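One-letter residues, chain by chain:
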Amino acid sequence: MNKEEILKEIIEQRKSIFPKDYTDKEISQEILDEILNSATFAPNHKHTKPWRFKVFRGSEKAKLALEMQAIYKAAQPGHLFLEKKYNDIGFKINKADAVVSIIVNFSGMVPEWEEIAAVSMAVQNMYLTCTANGIGCYWSSPKIVDHLKESLTIEENQKCLGLFYMGSLE
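The model shown is predicted, which means the values in this text are computed figures rather than measured ones.

Conventions we followed
- Residues numbered from 1 in each chain as written.
- Predicted model: local features only at pLDDT ≥ 70, side-chain atom pairs only at ≥ 80, totals over all residues.
- Heavy atoms only, no water.
- Phe/Tyr/Trp six-rings, centres within 6.5 Å; stacked < 30°, edge-to-face > 60°.
- Helix = DSSP H or I, 4+ residues; strand = E, 2+ residues; numbered from the N terminus.
- Buried < 20%, exposed > 50% of the residue type's maximum accessible area, 1.4 Å probe, protein only.
- Lys NZ or Arg CZ within 6 Å of the ring centre and 35° of its normal.
- Axes fitted to C-alpha atoms, helices over the stretch in contact; angles between N-to-C directions.
- Parallel < 35°, antiparallel > 145°, perpendicular 65-115°, else oblique.
- Left-handed = near helix turned anticlockwise from the far one by under 90°.
- Contact = heavy atoms within 4.5 Å.
- Pairing = 2+ DSSP bridges.
- Core = buried A, V, L, I, M, F, W, Y, C linked by side-chain atoms within 4.5 Å.
- Polar contact = N/O pair within 3.5 Å; in protein donor to acceptor, adjacent residues only side chain to side chain.
- Expected span 1.5 Å × (residues − 1).
- Arc of directions from axis to C-beta.

Caption draft 1: Broad picture of the packing of aromatic side chains. All told, the structure shown has 5 aromatic pairs when counted by the stated rule. Residues Phe-18 and Tyr-138 carry aromatic rings whose centres are separated by 4.6 Å and whose planes lie at 65° to one another, so their mutual orientation is edge-to-face. Of this pair, Phe-18 sits in the loop between α1 (3–13) and α2 (29–39) while Tyr-138 sits in strand β3 (residues 135–140), and the two are 120 residues apart along the sequence. Residue classification places Phe-18 among the partly exposed residues on the basis of a relative accessible area of 39%. By relative accessible area, Tyr-138 is classed as buried at 6%. Measuring from ring centre to ring centre gives 5.4 Å for Tyr-72 and Phe-81, while their planes differ by 35°; the resulting arrangement is tilted. Taking the ring centre of Tyr-127 as reference, the NZ or CZ of Arg-14 above it sits at 4.2 Å. Taking NZ or CZ as reference, Lys-73 lies 5.7 Å from the ring centre of Tyr-86, over its face.

So this is what it looks like as structure tokens:
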């Protein structure tokens, strides 16, 4: 198979795969590094490199799950609180081997939409690299992330665009 055929196959196979379908097999650090490195090759106007990623694994990931559950519970009026949604938040994070926060850093050098687009392309590179390595993944953008500024150490010129969940499919 030539490069074009391989690329076409990876693009066609790329899809969101949710944590319920992940196995308990750990993603190697080498593959995780490759996934994150692929993001850095996204085009970005004036080379602002507006993406910022924070990887959560192990106890940090478990702490993130508890924090997001607490935020959900605190933000919901009693009559709108759903136990299933509360449990799903924890399940998805804990079932994933790695969760990566997706942050855009606005440089002020180019329009904000261009930097959001660059981050989106970086995430697409991560999706494609996950697909090529048999890793399930998906980008989630729950409203809860707006309340994670402190945990994610988000600065004034930054915004969290969501979380990228990854897990092995083997």
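Caption draft 2: Fine view of the packing of helix α3 (residues 58–75) against helix α4 (residues 83–95). At a minimum axis distance of 9 Å, the contact between α3 and α4 shows a crossing angle of 160°. In this view, α3 runs roughly antiparallel relative to α4, as classed from their interaxial angle. Considering how the two elements wind past one another, α3 and α4 form a crossing that is right-handed. Contacts between α3 and α4 involve Lys-61, Ala-62, Leu-64, Ala-65, Met-68, Gln-69, Tyr-72 and Lys-73 from the former and Lys-85, Tyr-86, Asn-87, Ile-89, Gly-90, Ile-93 and Asn-94 from the latter.

Caption draft 3: Structural context of the sheet that holds β3. Ordered by their spatial adjacency, 4 strands build an open sheet running β1-β2-β4-β3, and the pairing between neighbours is antiparallel. What marks the edges here is a single partner per strand, and that holds for β1 (51–56) and β3. Neighbour-to-neighbour, the strand axes of the sheet open up by a mean angle of 25°, direction not taken into account. Looking at chain direction, strand β2 (residues 98–105) and strand β4 (residues 158–168) are connected through 8 bridges and run antiparallel. What sits directly across from Val-100, in β4, is Phe-164. Where α2 meets the sheet, it contacts β1, β2, β3 and β4, and its direction lies at approximately 165° from that of β1. Sheet contacts for α3: β1, β2 and β4; angle to β1, the most-contacted strand, approximately 100°.

Caption draft 4: Looking closely at the nonpolar core. If you look at the biggest cluster of nonpolar residues, it comprises 46 residues, and the most contacted ones within it are Met-68, Ile-93, Val-99, Phe-164, Tyr-165 and Met-166. Of all the elements in the fold, those that place two or more residues in this core are α2, β1, α3, α4, β2, α5 (112–132), β3 and β4. Sort the elements by how many residues they give to this core and α5 lands first, with 7 residues. Residue contacts for Ile-93: discarding those within four places in its chain leaves Lys-61, Leu-64, Ala-65, Met-68, Val-99 and Tyr-165.

Caption draft 5: Representation of the environment of Ala-42 within the structure. Secondary-structure assignment places Ala-42 in the loop between α2 and β1. The class for Ala-42 is buried, based on a relative accessible area of 4%. Contacts of Ala-42, omitting those with residues within four sequence positions, involve Trp-51, Ala-118, Met-121, Ala-122 and Asn-125.

Caption draft 6: The side chain of Ser-38, seen in detail. Along the polypeptide, Ser-38 turns up in helix α2. Side chain to side chain, Ser-38 and Thr-129 meet in a polar contact 2.9 Å long. Not counting residues within four places of it along the chain, the set of residues in contact with Ser-38 comprises Asn-125, Met-126 and Thr-129.

Caption draft 7: Region of the structure containing α4. Helix length check: α4, at 13 residues, gives a terminal C-alpha distance of 18 Å against a target of 18 Å (1.5 Å per residue), a fit within 8%. Three or more residues of α4 are buried, namely Ile-89, Gly-90 and Ile-93. An end-on view of α4 places all buried positions within 85° of arc, on one side of the element.

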